[in-house]
Amino acid sequence: MSELPVEINCQSVHQKLNEGEDFLFLDCRESTEYDTAHIKGTTLLPMSEIQDRVGELEEYKQSLIVVHCHHGGRSLRVTHWLRSQGFANVQNLTGGIDAWSQTIDNTVPRY
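Everything numeric here is computed off the predicted structure, so don't read it as measured data.

Turning to the sheet that holds strand β2 (residues 24-27), a few remarks are in order. Pairing is parallel in the open sheet, where five strands are placed in the order β1-β5-β4-β2-β3. Each end of this open sheet is capped by a strand with a single partner; those strands are β1 (7-8) and β3 (43-44). Sheet topology places strand β4 (residues 65-68) next to strand β5 (residues 90-93); three bridges connect them, and they run parallel. The partner of Ile65 across the bridge, within β5, is Val90.

Counting 14 residues, the largest nonpolar core has Val13, Phe23, Phe25, Val66, Leu93 and Trp100 as the members making the most contacts within it. A total of three residues in this core trace back to one element, the largest contributor, which is helix α5 (residues 96-103). One finds Leu45, Ile65, Val78 and Phe87 within the second-largest nonpolar core, a separate group that totals 13 residues.

It is worth spelling out the pattern of salt bridges at this point. In the structure shown here, the tally under the stated rule is eight salt bridges. Between Arg29 and Asp27 there is a salt bridge, and its shortest N-O distance comes to 2.7 Å. Grouping residues by exposure puts Arg29 and Asp27 together as buried. Where Arg53 meets Glu49, a salt bridge forms, and the shortest distance between an N and an O atom there is 2.5 Å.

Conventions adopted
- Residues numbered from 1 in each chain as written.
- Predicted model: local features only at pLDDT ≥ 70, side-chain atom pairs only at ≥ 80, totals over all residues.
- Heavy atoms only, no water.
- Pairing = 2+ DSSP bridges.
- Helix = DSSP H or I, 4+ residues; strand = E, 2+ residues; numbered from the N terminus.
- Core = buried A, V, L, I, M, F, W, Y, C linked by side-chain atoms within 4.5 Å.
- Buried < 20%, exposed > 50% of the residue type's maximum accessible area, 1.4 Å probe, protein only.
- Salt bridge = Lys/Arg side-chain N within 4 Å of Asp/Glu carboxyl O.

Written out as C-alpha coordinates, the structure reads:
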(Lines give C-alpha, C1' and ligand atoms only; values in the text may rest on other atoms or scores of the structure.)
Protein backbone atom coordinates (compact mmCIF):
# COMPACT_ATOMS: atom_id res chain seq x y z
CA MET A 1 0.00 0.00 0.00
CA SER A 2 1.40 3.38 -0.97
CA GLU A 3 1.78 6.16 1.55
CA LEU A 4 -1.00 8.73 1.62
CA PRO A 5 0.04 11.93 -0.22
CA VAL A 6 1.05 14.76 2.12
CA GLU A 7 -1.13 17.31 0.29
CA ILE A 8 -4.85 17.32 -0.52
CA ASN A 9 -6.70 20.03 -2.42
CA CYS A 10 -9.84 21.92 -1.45
CA GLN A 11 -12.03 20.17 -4.01
CA SER A 12 -11.11 16.72 -2.67
CA VAL A 13 -11.80 17.73 0.94
CA HIS A 14 -15.09 19.34 -0.07
CA GLN A 15 -16.09 16.11 -1.83
CA LYS A 16 -15.25 14.09 1.30
CA LEU A 17 -17.44 16.41 3.38
CA ASN A 18 -20.31 16.22 0.87
CA GLU A 19 -20.10 12.41 0.82
CA GLY A 20 -20.18 12.28 4.62
CA GLU A 21 -16.74 10.68 4.96
CA ASP A 22 -15.61 10.34 8.55
CA PHE A 23 -12.38 12.28 9.11
CA LEU A 24 -11.01 14.93 11.44
CA PHE A 25 -10.77 18.36 9.81
CA LEU A 26 -8.21 20.11 12.00
CA ASP A 27 -7.67 23.89 12.03
CA CYS A 28 -4.20 24.66 13.43
CA ARG A 29 -4.51 28.45 13.34
CA GLU A 30 -4.77 30.55 16.50
CA SER A 31 -8.17 31.16 18.12
CA THR A 32 -8.23 34.82 17.01
CA GLU A 33 -7.88 33.67 13.39
CA TYR A 34 -10.57 31.04 13.91
CA ASP A 35 -12.88 33.74 15.28
CA THR A 36 -12.24 35.82 12.13
CA ALA A 37 -12.98 32.99 9.70
CA HIS A 38 -13.44 29.23 9.91
CA ILE A 39 -14.71 26.33 7.86
CA LYS A 40 -17.84 24.68 9.25
CA GLY A 41 -17.06 21.30 10.76
CA THR A 42 -13.43 21.99 11.63
CA THR A 43 -11.87 21.38 15.04
CA LEU A 44 -9.55 24.08 16.38
CA LEU A 45 -6.22 22.92 17.80
CA PRO A 46 -3.64 25.72 17.43
CA MET A 47 -0.16 24.77 16.28
CA SER A 48 1.20 26.59 19.34
CA GLU A 49 -0.63 24.09 21.60
CA ILE A 50 -0.44 20.86 19.61
CA GLN A 51 2.60 19.35 21.35
CA ASP A 52 0.90 19.76 24.74
CA ARG A 53 -2.51 18.61 23.49
CA VAL A 54 -1.60 15.82 21.05
CA GLY A 55 -3.20 13.31 23.42
CA GLU A 56 -6.58 14.75 22.42
CA LEU A 57 -5.98 13.33 18.94
CA GLU A 58 -5.15 9.78 20.07
CA GLU A 59 -8.62 8.47 19.13
CA TYR A 60 -7.92 9.62 15.54
CA LYS A 61 -4.53 7.87 15.25
CA GLN A 62 -5.84 5.46 12.59
CA SER A 63 -8.29 7.94 11.02
CA LEU A 64 -7.79 10.44 8.25
CA ILE A 65 -6.84 13.87 9.58
CA VAL A 66 -6.84 16.87 7.24
CA VAL A 67 -5.00 19.88 8.68
CA HIS A 68 -5.43 23.46 7.50
CA CYS A 69 -4.18 26.92 8.39
CA HIS A 70 -4.30 30.28 6.59
CA HIS A 71 -2.23 29.49 3.47
CA GLY A 72 -0.88 25.98 4.13
CA GLY A 73 2.54 26.59 5.69
CA ARG A 74 1.82 25.96 9.36
CA SER A 75 -0.51 23.08 8.58
CA LEU A 76 2.18 21.43 6.48
CA ARG A 77 4.54 21.59 9.48
CA VAL A 78 1.78 20.16 11.73
CA THR A 79 1.10 17.42 9.16
CA HIS A 80 4.76 16.36 9.12
CA TRP A 81 4.97 16.54 12.93
CA LEU A 82 1.83 14.42 13.41
CA ARG A 83 3.16 11.86 10.94
CA SER A 84 6.39 11.72 12.96
CA GLN A 85 4.27 10.99 16.04
CA GLY A 86 2.72 7.90 14.44
CA PHE A 87 -0.34 9.46 12.79
CA ALA A 88 0.05 7.91 9.34
CA ASN A 89 -3.13 9.27 7.72
CA VAL A 90 -2.56 13.02 7.94
CA GLN A 91 -2.83 15.38 4.99
CA ASN A 92 -2.28 19.11 4.55
CA LEU A 93 -4.97 21.21 2.85
CA THR A 94 -3.10 22.93 0.02
CA GLY A 95 -3.64 26.69 0.11
CA GLY A 96 -5.39 26.65 3.48
CA ILE A 97 -8.56 28.51 4.36
CA ASP A 98 -7.64 31.25 1.88
CA ALA A 99 -7.87 28.81 -1.03
CA TRP A 100 -11.05 27.34 0.48
CA SER A 101 -12.64 30.81 0.49
CA GLN A 102 -11.62 31.39 -3.13
CA THR A 103 -12.60 28.01 -4.57
CA ILE A 104 -15.25 26.40 -2.33
CA ASP A 105 -17.08 28.88 -0.10
CA ASN A 106 -16.79 32.62 -0.71
CA THR A 107 -18.82 33.34 2.44
CA VAL A 108 -15.70 32.39 4.46
CA PRO A 109 -13.98 35.76 4.98
CA ARG A 110 -10.51 36.31 3.54
CA TYR A 111 -8.01 38.11 5.75
